[in-house]
Every structure is written in C-alpha cells, then in structure tokens.
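Close look at the chain arrangement
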Amino acid sequence: MDRETEELASKIAECAREARHQAALLPEGPVRDALIEKAKQYESQIPADSTYTTVTQR
C-alpha cells in the first residue's frame, strides 16, 4: 500500500472506531443503530489489512 492509501485507511478506521465508541455510550435506539451502521459503512471502505481492524475479536 502506498503512503496516501495508508493515511486514508487510517483515517477511515479512526472514524469507524469513533462511531463505535459513541454508539457504545448510548442506550439501544435509533441513534445508536445509526452510529453502528455508519461504523459498518466506514469499515467496508477499509482495505483488507489487519492493521486497520476496528473491532476487537475475542
């Protein structure tokens, strides 16, 4: 991956993490669901590279 692509992937991953973080602070409802959906949209744009994983796998 070139540097520009890496920077973009990093920014997208950060946006996804922030959306998931904000969603985690909210009770169940339409706003929380919208933030989770936004995080998924961001994540779908991240290149397939484990460096940019936004969801902790257990």
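Here, the structure is the one placed above.
Structural notes, computed from the coordinates. (Residues numbered from 1 in each chain as written. Predicted model: local features only at pLDDT ≥ 70, side-chain atom pairs only at ≥ 80, totals over all residues. Heavy atoms only, no water.)

**Brief notes about the overall build of the protein**
Our working rule: Helix and strand definitions here come from DSSP, where helices need a minimum of 4 consecutive H or I residues and strands a minimum of 2 consecutive E residues; each element is numbered from the N-terminal end. For every residue, the accessible area obtained with a 1.4 Å probe (protein chains only) is divided by the maximum for its type, and the residue is called buried under 20%, exposed over 50%, and partly exposed between those limits. Any pair of residues with heavy atoms lying within 4.5 Å of one another is described as a contacting pair. Using the Shrake-Rupley algorithm and a 1.4 Å probe, accessible areas are obtained, with residue cover drawn only from the displayed protein chains.
Within the protein, the regular secondary structure consists of 2 helices and 0 strands. Taking all 58 residues of the protein together, the buried fraction comes to 17%. For the protein, restricting intrachain contacts to residue pairs at least 6 apart in sequence, the fraction spanning at least 24 positions comes to 54%. As presented, the protein carries roughly 4600 Å² of accessible surface, and 50% of it is formed by carbon and sulfur atoms.

**Here we look at a nonpolar patch on the surface**
Under the convention used in this document: Only residues whose relative accessible area exceeds 30% and that form no salt bridge are eligible for patches; like-charged ones are grouped when within 9 Å, while nonpolar side chains (Val, Leu, Ile, Met, Phe, Trp, Tyr) are grouped when within 5 Å. The working definition used for a salt bridge is a side-chain nitrogen of Lys or Arg within 4 Å of a carboxyl oxygen of Asp or Glu.
Together, Leu25, Leu26 and Val31 line one region of the surface with nonpolar side chains, adding up to about 270 Å² of accessible area. With respect to the helices and strands, the residue Leu25 is situated in the loop between helix H1 (3-24) and helix H2 (30-44).

**A closer look at H1**
Counted only if it meets this: For a helix, the expected span equals 1.5 Å multiplied by the number of residues minus one.
With 22 residues, H1 extends 31 Å between its outermost C-alpha atoms, agreeing within 8% with the 32 Å of an ideal straight helix rising 1.5 Å per residue. Where H1 is buried, its residues meet H2.

**A closer look at the pattern of salt bridges**
One pass over the structure, following the stated rule, counts 3 salt bridges. With its nearest N and O atoms 3.1 Å apart, the salt bridge here joins Arg3 to Glu7. Highlighted residues: Arg3 and Glu7, both in helix H1, separated by 4 residues, approximately one helical turn. Judged by relative accessible area, Arg3 falls into the exposed class, the value being 66%. Its relative accessible area of 39% is what places Glu7 among the partly exposed residues. Arg20 serves as the salt-bridge partner of Glu43, at 2.8 Å between the closest nitrogen and oxygen. Highlighted residues: Glu43 in helix H2 and Arg20 in helix H1, separated in sequence by 23 residues.

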